[in-house]
Amino acid sequence: MAHRKKVLFKYIILGDSGVGKTCLMNQYVQKRFDKTYKATIGADFLTKDVMMDDKLVTLQIWDTAGQEKFQSLGQAFYRGADVCMLVYDMTNPKSFDNLEHWRTDFLHNASPPDPDNFPFIVLGNKADLEADRKVPKHKALTWIKSKGPKPLPYFETSAKDATRVEAAFLEAAQLALEQVSQEKDDYFPDTINLSQPATRRNAEPAGCC
Amino acid sequence: MALNIDQTKFLEEAMRKVKEQAFYMKHAMDNEDLKGTLTHASDMLRELRTGLLTPKSYYELYMKVLDELRYVEDYFTGLQKQGKPVVELYEKVQSCGNVLPRLYLLITVAGVYIKSLEAPARDILKDLVEMSKGVQHPMRGLFLRNYLSQVSRDKLPDVGTPYEGEEGGSVQDAYEFILQNFSEANRLWCRMQQQPTNAHNKEKKRREKERQELRILVGTNLVRLSQLQGVEAATYKEHILPRLLEQVVQCKDTLAQSYLMECIVQVFGDEFHIATLDLFLAACTQLKEKVNVRAILEGVMDRLATFAEANPAAIPPHLRTFDMFNTCVSKLLVERPGYSVVEVLRLQASLLNYALHSFPGNLEYLNLCLGNCATALADKRAAHQEQAVIVAPLPFALDSEGVEVVERLLTLPLACLALKVLELPHFASLLEFLPWASRRQVGVTLLQAVYNSRAKLSNLESVEKLLEMVVPVIKEEPPSVLGSEEAQALRRQQNGERGVEDAEEEDETGASRSRGGGCTGSTENGKARRLEEEQLLLGRLVHVMASPDTDMHFRFLAVARRHFSEAPKDRFQYTFPPLVLATLQLVRRVRRREVAAEGADGNQEGDTQGGRAASEGASEQVAVEDGNGVLGLKKRDVPGMQFGCRKLFQAVHEMLTSLAPHFANLALKLFLEAAQAADRCEADAFKLISYEFVTQAFLLYEDEVTDSKTQIRALTAMIGTLLQARHFDESDYDALSTKVTQYAAKLLKKPDQCRMVALASHLFFVGRADEPGHYHDPKRVIECLQRSVKTADMCMASSQHMHLFVEVLNHYLYFYECGCPTVTEKYLSALVAFINDKRNEAALVGGGPAEGSSRAAEIEAYYKNTLDYIRLKKTQTDNKELADRFSAIQV
C-alpha cells in the first residue's frame, strides 16, 4: 500500500486576471519569473514534492484563468481542493475588491464539507512595487479579520523577487495538513459484490471527494 | 429543465461507476494485481465514452477520472522504481480492447515512461499524438487531447529540461508536438459545427453553445506553446505563428477564428507581438466576414499600448506600429464595403485610442483618425442627400450608436490634449455631426480638460475657436428649420436606445422649448443643477484667457462677452460676474500703463504745458459730459495702447446694465466693486465714473431690493465702498453718505435701523481726529448715534434693546477714542447710566423673559467686557492723554 500513503494536497489559486497567479506558481515550483503578461486558459496544475514533518507531501497546484471567458467549462476543478489561495495585486484596488467574489465563488462551486473553516490564504502580490501600492495594508488586514473566527493568513509576496512565496505555500500546506487530520471520507461501496458491482446506492457519504 | 434533471442523473450515475471502479482498482493495486488494476482502470475510463453528458457535466466527470488516474500513475511509478521496465507496461496497456480507455492508460504510462528517461521523449510524444487520432468523436477527442497536453506538460524536451538531448529531442520537437495536438484539437472542434444536422435552429444553437464551452480545450494548447522556455521571438515568428495563423485562416470557421485570434493576443508575450505584428495584421484581413476584427485589433492595441506605457523604449519607432494598424484598418474597409458607418467610426475610435496611449502628443495621428471619420460621415451624408432628392426625408443625422461613438471619439483626446485640440482641424468638423446635446457634453468635457491642464488661452484665434466649440454650452439650440414633427422624429432617431436619463433630458429640453416646461419637479431640479454647474464652468473660461498685452487681453474678454451675451438672460448671472471681475482686474494693469505714460508725458512736456497737470481733472470732466455715452469715451492717448481704463469701465457699465434688470442684487454688488476699482485708479479723472457706479447701485437699491436681509447686506456693502473711497469730491461724498444714512433710517425693522444708522455714522468721521485729508463731520456723527439710541429704546418689545444699547455704546467708545469732538464723556456717562437703569428695571420686574437664558448671559458678558475696556483705558499709562479722557467717563 506504500503508493497510497503518499499525501497529496490540492491547491487552487484564484484571483483577478493579471495579479500574478501563474507567476507565483512558476516561482514556487520552477524558481522562474517571466515579467510579460500571458493569459492562462482553463486550469491545470504543476506538482511539487515537499517534506513536512518527515513526511513526503505532493502539492498539486492548480493555476486558473482569471478571465471568465477563459473558463468556459465551469469550475469543476475546485472540487476536492484542500486549500485555496486568494491573490490580489496590491497596486490594483479592484483586484482586492474582487477577493470577496472569488471566495464566494469558490465556496459555492467547491462546496467543501465545512465552509466556515475551509482554509483560505490571502496573498497581496507585487510587493516589489511598494511605491505603487494602492491597497493599504490595513485594508487587507481588516478584510482577513472579517472572514471567520480567526483571521485568514495573509502574506505580501513578490513573485518577481520570490519574497515570501515559499513561506506562503508552506503555510498553506500546514493549513491543509491540519484540515486533513480531521479525517476525509473515502468512497466505500455499499455491498462488495464482485459478480454484481452495479448496485445503486441511495446516498453518497457527505463530502465525498 | 428536464434536461438539467437528466444531466444530474446521468452524471451521478457515471460518477458512481467511476468511484466504484476506482475503489476496486485501488484494491487491486494494494494486492499488487496489475491485471486487475488495468481491468478496473479501463472499466472506470469506459465511463468517459458516454454520449449523454453536456460538456460541463463531462468536464466534471473528466476531473474525477483525472483524480483517480493520479493513483494509476503513482502505481506505475512504483512499479518502475521496483525495476519493472516501463516498456512492458507501455505494451501491456495497449492490449486493452477499447480505444478510449486504452489511450488514457497509454498516456498515463507514457508520462511515467518519459519521466523514467528509459525512452526518448520525442518518440513517445509523436507516438501518442498520432495514436490519439484514433478517437474522432469531437468531445471525447478534445478531452483526451487535453489529458495528453496535461500529462506531457512537464515532460516536453524543452530547453533546460532533462528530456532534452540528442535522443530525447529539442524544443523544436516540443513545439511540433504541441502544434500537432493543437491542430488536431482544432479540427475536432471545428468539425462539431459541420456535423450533419437537420438544420434545426435550436440544434444549431445548442451545438454552438457546446462549442463555446469546449473552446478552452483548444486554447490550452496555445498556452503550452507560450510556456516553452526554448522558444524565442525569432522562432515564434518563423515557425510557430505562421502555422497557427494558417490553421486559423484555413479553418474558415467564424467562432474558431474569433476565439483563436483573441487567444493568440492574450497568451503570448508583448515582445512576440511586436516582432510579428505584420504577420498578425495580415491574417486579420483574411478572416471571415462575421469575425469581429475590431475586437481582435483592440486586443493587440491595448496590449501594445500598455506595454509601451510601461516600457517607453520597448517598441522601436521605425516599426511605425500606428501606420501598420492604420493600413490594416484601411484594407479592411476597402475589402468589406458592407461595414456600417458606425463600425467604421468604431474602428477609427480604436485607432485613435491606440495613438493617444502609444504616441501621446502626436496630433497628426489623432487628426488622421478624426479626419477619416469626418470623411466617412460626409460621404454618408452626401449619399443620403442624393436619396433625399427623390424621397425628401429628414436631413442626415447619426443614429444613437453613431452619436455615442462620435462623442467618444471627441472626448477621448480631451484629457491629454486639452487646448491642443484647437490644433486639430478635424475636431471641429467632426463635432458638427453631433446633435446639440452631445456637442454640449463634449464642450463641458473640453472645458474641464482645459482647466485641468492649467493651460492659458493666449491668442485671439484660440479664444474664438474655443468659444465657437462650446457654443452649445453657452446657448440653447437654435430653433430648427424643420417642422416640429420632423424635428421630433429626428430627435427620436438620435436618442434611439441611449440611456433613459439622457433621453429624458433631451425630451425635457424639447418640451421646455415647445410647451414651456411642465415637467416633474425632480428632473427640473436636476436640469437646473446641471445648468448651474455648466455655466459656472463656462464662466471660469474667462480666467484662462491671458495676454501680456492689455489691448489683446481686453479683446479676449470682448469676444467672450459677445458669446455670453447670446445666451438666455438667466445665464448671465453665472457668466457675467467673472467677465466683470476680470475686466476690473485688467483695469489695474491698464491704469499702470496710463500712469507710466502720463509720467513720461509730464517729463517731456512739463515745461511747455506746465499748467496741464493741474487742470487735468477739469478738462476730463468736460470730456465725460460730451455725450459719448454715460461714462464718456474720449480717451487720452497712451502710445501703442488702444483700450484705456475709460473704455474698460464703459464695458463694465454696459455689462452691468444688461445684468441689472434680471439680477439686481448681483449687479448692485458688482457696481460697488466697479466703483472701488475706479476709485483705486488714484486720479480725479475717475471720480465721476466711480460716482456713476455708486449711483447705479443706489438706484438698484431703491427700485429692486425689497427683502430686509438683502437690504442690510447691500447697505453694508455701500458703506464699505464709501469708506474705502478716497477721491470723491466732498459734496458728492456728502450726498452719497447722506443717502445711505437715509436708507438705513428707513429700514423696516427697528433693530435693523438702529444697527445700520450706527454703522452709517462712520461715514461722517473717517480715521482719527488728528488725521488730515479725511472727511470729518462730527455733528452728523452724534446725530446718527443719538438716533440709534432712541431707536434701540423702541425695541423693548423684541427684547433686543439691551444688546443694541451695548452695541451703540461701543460705537460711541470708538468715536470717543478717535477724538471725534461731538462725542463727549457726557454722552458716554449718560449712556452707561441709562443702561444700568434699564438693567435694574429688568431685575426689579423679577427676571425678564430672557433672564437666566444663555442669550441674557451673553449680553451681560458683552456689557461687562465693554465696561472693563473703559476701566482699562482709564489706567493706561503709555497714553496719558487718552487715560485722562477716559477717566472722565463715569462707569
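Residues numbered from 1 in each chain as written. Chains lettered and ligands numbered in written order. Predicted model: local features only at pLDDT ≥ 70, side-chain atom pairs only at ≥ 80, totals over all residues. Heavy atoms only, no water.

1. Some details on the overall build of chain B
(1) Moving on: Scanning chain B for helices and strands turns up 40 helices and zero strands.
(2) Moving on: Among the 891 residues that make up chain B, the fraction classed as buried is 51%.
(3) Moving on: Counting every atom, chain B has about 41000 Å² of accessible surface; 51% of that belongs to carbon and sulfur. (Helix = DSSP H or I, 4+ residues; strand = E, 2+ residues; numbered from the N terminus. Buried < 20%, exposed > 50% of the residue type's maximum accessible area, 1.4 Å probe, protein only. Areas by Shrake-Rupley, 256 points an atom, 1.4 Å probe, with all protein chains shown as cover.)

2. Considering the side chain of A:D105
(1) Moving on: Note that A:D105 resides in helix α4 (residues 99-110).
(2) Moving on: Of the side chains with opposite charge, B:K56 lies nearest to the buried A:D105, which makes no salt bridge, at 10 Å.
(3) Moving on: Within the local environment of A:D105, its side chain forms a polar contact with the side chain of A:Y78, the two groups lying 2.9 Å apart.
(4) Moving on: Beyond its immediate stretch of four places on either side in the chain, A:D105 contacts A:Q75 and A:Y78. (Lys, Arg positive; Asp, Glu negative; His and termini not counted. Salt bridge = Lys/Arg side-chain N within 4 Å of Asp/Glu carboxyl O. Polar contact = N/O pair within 3.5 Å; in protein donor to acceptor, adjacent residues only side chain to side chain. Contact = heavy atoms within 4.5 Å.)

3. Regarding the sheet that holds strand β3 (residues 55-64) of chain A
Residues and elements named next belong to chain A.
(1) Moving on: The strand order across the open sheet built from six strands is β2-β3-β1-β4-β5-β6, with neighbouring strands paired in mixed fashion. Two strands close off the open sheet at either side, each with one partner strand: β2 (43-52) and β6 (154-156). Averaged over all adjacent pairs, the angle separating strand axes in this sheet is 25°, with direction ignored.
(2) Moving on: Here strand β1 (residues 7-15) runs beside β3; their pairing, made up of seven bridges, is parallel. Following the sheet pairing, F9 is matched in β3 by L59.
(3) Moving on: The sheet contacts of α4 involve β1, β4 (83-89) and β5 (120-125), and relative to β4 the element is tilted by about 160°. (Pairing = 2+ DSSP bridges. Axes fitted to C-alpha atoms, helices over the stretch in contact; angles between N-to-C directions.)

4. Brief notes about the nonpolar core
(1) Moving on: Core analysis: the largest hydrophobic core is formed by 322 residues, its most contacted members being A:F106, B:F76, B:L297 and B:F649.
(2) Moving on: With 30 residues, the next largest nonpolar core counts A:C23, A:V83, A:I121 and A:A176 among its residues. (Core = buried A, V, L, I, M, F, W, Y, C linked by side-chain atoms within 4.5 Å.)

5. Section: the domain arrangement of chain B
Residue and element names in this part refer to chain B.
(1) Moving on: Under the domain assignment, chain B is made up of domain 1 (1-119), domain 2 (390-506 + 522-542) and domain 3 (547-599 + 620-705).
(2) Moving on: Tallying the contact residues gives 20 residues for domain 2 and 19 residues for domain 3.
(3) Moving on: Carbon and sulfur atoms supply 72% of the area buried between domain 2 and domain 3, which totals about 1700 Å² over both sides.
(4) Moving on: Per-residue buried area on domain 2 facing domain 3 is highest for L460, I474 and V542; these three make up 32% of the total on that side. (Domains from an automatic or database assignment. Buried area = accessible area lost by both parts, 1.4 Å probe.)

6. A few points about the pattern of salt bridges
All names here are of chain B.
(1) Moving on: What the rule picks out here adds up to 59 salt bridges over all chains.
(2) Moving on: Between D868 and R871 there is a salt bridge; the shortest N-O distance is 2.9 Å. With D868 and R871 both in helix α39 (residues 854-874) and three residues apart, the pair spans about one turn of that helix.
(3) Moving on: Accessibility expressed as a relative area gives 40% for R871, which makes it partly exposed.
(4) Moving on: Residues participating in the shared-partner salt-bridge network are E13, R16, K17 and E20.

7. With respect to the side chain of B:H727
All names here are of chain B.
(1) Moving on: Residue placement: H727 occurs in the loop between α33 (708-724) and α34 (730-745).
(2) Moving on: On the basis of relative accessibility, which here comes to 16%, the residue H727 falls in the buried class.
(3) Moving on: Here H727 is in contact with D679, E682, A683 and K687, once residues within four sequence places are set aside.

8. Examining α4(A)
Residue and element names in this part refer to chain A.
(1) Moving on: Taking 1.5 Å as the rise per residue, α4 with twelve residues should run 16 Å; its terminal C-alpha atoms sit 16 Å apart, in good agreement.
(2) Moving on: What α4 keeps buried is the set L99, W102, R103, D105, F106, L107 and A110.
(3) Moving on: Buried residues along α4 sit against β1, β4, α3 (93-97), β5 and α5 (137-145).
(4) Moving on: Count one or two residues on from α4 and you reach S111, which has phi positive near 30°. (Expected span 1.5 Å × (residues − 1).)

9. Some words on the environment of B:E598
All names here are of chain B.
(1) Moving on: As for its position among the elements, E598 is in helix α28 (residues 572-605).
(2) Moving on: The exposure class assigned to E598 is partly exposed, which follows from its relative accessible area of 27%.
(3) Moving on: In this structure the C-alpha to C-alpha distance between E598 and V638, which are 40 residues apart in sequence, comes to 7.9 Å.

10. A few points about the pairing of β3(A)
All names here are of chain A.
(1) Moving on: With eight of ten residues buried, β3 is to be regarded as a mostly interior element.
(2) Moving on: In this sheet, β3 lies alongside β2 in antiparallel orientation, the contact comprising ten bridges. Bridge pairing in β3 places F45 opposite W62.
(3) Moving on: Where β2 folds back on β3, the antiparallel hairpin that results is connected by two residues, among which D53 adopts a positive phi of roughly 50°.

11. What about helix α15 (residues 321-335) of chain B?
A turn of α-helix holds 3.6 residues, and therefore any two residues three or four places apart point the same way.
(1) Moving on: In this model, α15(B) (15 residues) spans 21 Å end to end at C-alpha, consistent with the 21 Å of a helix rising 1.5 Å per residue.
(2) Moving on: Buried within α15(B) we find B:T321, B:F322, B:M324, B:F325, B:N326, B:C328, B:V329 and B:L332.

12. Digging into a positive patch on the surface
Residues and elements named next belong to chain B.
(1) Moving on: A cluster of like positive charges, contributed by K204, K252, K288 and K290, occupies part of the molecular surface.
(2) Moving on: Among the secondary structure elements, K252 is positioned in the loop between α10 (233-251) and α11 (254-267).
(3) Moving on: Overall, K252 belongs to the exposed group, its relative accessible area being 57%. (Patch = residues over 30% accessible without salt bridge, like charges linked within 9 Å, V, L, I, M, F, W, Y side chains within 5 Å. Charge placed at Lys NZ, Arg CZ, Asp CG, Glu CD.)

13. Re the pairing of β5(A)
Residues and elements named next belong to chain A.
(1) Moving on: Most of β5 is tucked away, with six of its six residues classed as buried.
(2) Moving on: Here β5 shows no split at all, with F120, V122 and G124 on one side and I121, L123 and N125 on the other all buried.
(3) Moving on: In this structure, β4 lies alongside β5, joined through six bridges in parallel fashion. Among the inter-strand pairings, L86 is bridged to a residue of β5, identified as V122.
(4) Moving on: Chirality of the crossover, the property in question, places the unit of β5, α5 and β6 among those that are right-handed. (Right-handed = clockwise from strand over helix to strand, strands pointing away.)

14. So, unusual backbone geometry
Residue and element names in this part refer to chain A.
(1) Moving on: If you check the backbone angles, S111 has positive phi at about 30° while not being a glycine.
(2) Moving on: Non-glycine residue R164 carries a positive phi angle of around 60°.
(3) Moving on: With respect to the element layout, R164 can be found in the loop between β6 and α6 (165-180).
(4) Moving on: Here R164 falls in the partly exposed class, since its relative accessible area comes to 41%.

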